[in-house]
Amino acid sequence: MHFQYVLVYRLQCLPLQRLLQSPLKIFEYMSSGVPIICSDFPVIREVLHDQQNCILVNPDDLDAWTSSIAYLAKNPEVRVSISKNAINDLETIPKNSIH
């Protein structure tokens, strides 16, 4: 339904079903300069903060995923803010702690 937004607006989606290890993709996504939509898990919240440097979504709620994509598509100022915050937050994480 909202797939046309993915084609028009660049964003990163990380739909994890469960977390088995350190998700290094998160750090790559944070450095990409585009907004992130990610599954909401406690360990993810150590780095990502909903509505600040990403949008966190229940991994099993497809409607939440599609509405988050639509929300970012309709709100360019939020896309820019989330992207910039992610880059800034990544710079504060000690490089030797990313593994």
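Residues numbered from 1 in each chain as written. Predicted model: local features only at pLDDT ≥ 70, side-chain atom pairs only at ≥ 80, totals over all residues. Heavy atoms only, no water.

A closer look at the pattern of salt bridges
The cut-off we apply is this: Salt bridge, as used here: a side-chain nitrogen of Lys or Arg that lies within 4 Å of a carboxyl oxygen of Asp or Glu. Exposure categories follow from relative accessible area, calculated using a 1.4 Å probe and restricted to protein chains: below 20% of the type maximum is buried, above 50% is exposed, and the middle band is partly exposed.
By the definition in use, this model includes 2 salt bridges. The partner of D40 in a salt bridge is R45, with the nearest N and O atoms 2.8 Å apart. On the accessibility criterion, D40 (26% relative accessible area) is partly exposed.

Some thoughts on unusual backbone geometry
Of all residues except glycine, most have a negative phi; of all peptide bonds, most are trans. In the Ramachandran plot, Q51 falls in the positive-phi region, its phi being about 70 degrees despite a non-glycine side chain. Residue Q51 is classed as partly exposed on the basis of its relative accessible area, which comes to 44%.

Points about the side chain of S68
Note the cut-off: Put simply, DSSP marks the helices as runs of H or I at least four residues long and the strands as runs of E at least two long, and each gets a number from the N terminus on. Residue contacts are defined here by distance: any two heavy atoms, one from each residue, within 4.5 Å place the two residues in contact.
Among the secondary structure elements, S68 is positioned in helix 3 (residues 62-74). Not counting chain neighbours up to four residues away, the residues in contact with S68 comprise I37, I55 and V57.

Notes on the nonpolar core
Stated precisely, the cut-off is as follows: What we call a nonpolar core is a set of buried Ala, Val, Leu, Ile, Met, Phe, Trp, Tyr and Cys residues that are connected through their side-chain atoms within 4.5 Å.
Residues I26, M30, I36, C38, I44, V47 and L48 are the most contacted members of the largest nonpolar core, which totals 16 residues. Contributing elements (two or more residues each) for this core: helix 2 (24-30), strand 2 (36-39) and helix 4 (76-92). Here C38 is in contact with L14, I44, L48, I55, L56, V57 and W65, once residues within four sequence places are set aside. Grouped together as the second largest cluster of nonpolar side chains are 9 residues, I37, W65, I69 and L72 included.

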